[in-house]
Amino acid sequence: MPRTALHVPPALKPVSETWGLPALPSTGIHLLVRGAGSPEAAHHLARVIREVVDEVVRA
């Protein structure tokens, strides 16, 4: 199955194009939080997740 390069376990090796497989397209990440009726904890968790993902993607 396709996995992001960030989460490939050490036991797995990336499959190169030499195996005849096409390169996979880029993918997006979506984080959905309900509107104003959501608990503040849900909004705080969403902020933390965004910060962590931003840091990992920039690395």
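Residues numbered from 1 in each chain as written. Predicted model: local features only at pLDDT ≥ 70, side-chain atom pairs only at ≥ 80, totals over all residues. Heavy atoms only, no water.

A word on the overall build of the protein
- Regarding its fold elements, the protein presents one helix and zero strands.
- Computed over the C-alpha atoms, the radius of gyration of the protein is 17 Å, more than 25% above the 10 Å expected from 2.2 N^0.38 for a compact globule of 59 residues.
- Taking the principal axes of the C-alpha coordinates as reference, the protein spans close to 50 × 20 × 20 Å.
- Within the protein, buried positions represent 3% of all 59 residues.
- In the protein, the 6 positive side-chain charges and the 5 negative ones have mean positions that sit 6 Å from each other. (Helix = DSSP H or I, 4+ residues; strand = E, 2+ residues; numbered from the N terminus. Rg over C-alpha atoms; globule rule 2.2 N^0.38 Å. Buried < 20%, exposed > 50% of the residue type's maximum accessible area, 1.4 Å probe, protein only. Lys, Arg positive; Asp, Glu negative; His and termini not counted. Charge placed at Lys NZ, Arg CZ, Asp CG, Glu CD.)

Here's the deal with the environment of Ser38
- Within the secondary structure layout, Ser38 lies in the segment before helix H1 (40-58).
- The buried category is assigned to Ser38, whose relative accessible area is 11%.
- Look past the residues within four positions of Ser38 in its chain and what remains in contact with it is Val33 and His43.
- Here the side chain of Ser38 touches Arg34 through a polar contact of 2.8 Å, landing on its backbone oxygen. (Contact = heavy atoms within 4.5 Å. Polar contact = N/O pair within 3.5 Å; in protein donor to acceptor, adjacent residues only side chain to side chain.)

Quick look at the pattern of salt bridges
- One pass over the structure, following the stated rule, counts one salt bridge.
- The salt bridge involving Arg47 is made with Glu40; its shortest N-O contact spans 2.9 Å.
- Assessed through its relative accessible area of 38%, Arg47 is described here as partly exposed. (Salt bridge = Lys/Arg side-chain N within 4 Å of Asp/Glu carboxyl O.)

Examining the environment of Ile49
- Counting through the fold element by element, Ile49 comes out in helix H1.
- Along the chain, Ile49 and Leu31 lie 18 residues apart, while their C-alpha atoms are 8.6 Å from each other.

A look at a nonpolar patch on the surface
- Taken together, the side chains of Leu6, Ile29, Leu31, Val33, Leu45, Val48, Ile49, Val52, Val53, Val56 and Val57 present a nonpolar region at the surface, about 890 Å² in accessible area.
- Examined against the element boundaries, Val48 turns out to sit in helix H1.
- What makes Val48 partly exposed here is its relative accessible area of 34%. (Patch = residues over 30% accessible without salt bridge, like charges linked within 9 Å, V, L, I, M, F, W, Y side chains within 5 Å. Areas by Shrake-Rupley, 256 points an atom, 1.4 Å probe, with all protein chains shown as cover.)

Some details on the environment of Ala11
- By the element assignment, Ala11 lies in the segment before H1.
- Residue classification places Ala11 among the exposed residues on the basis of a relative accessible area of 71%.
- As a C-alpha pair, Ala11 and Glu55 span 44 residues in sequence and 25 Å in three-dimensional space.

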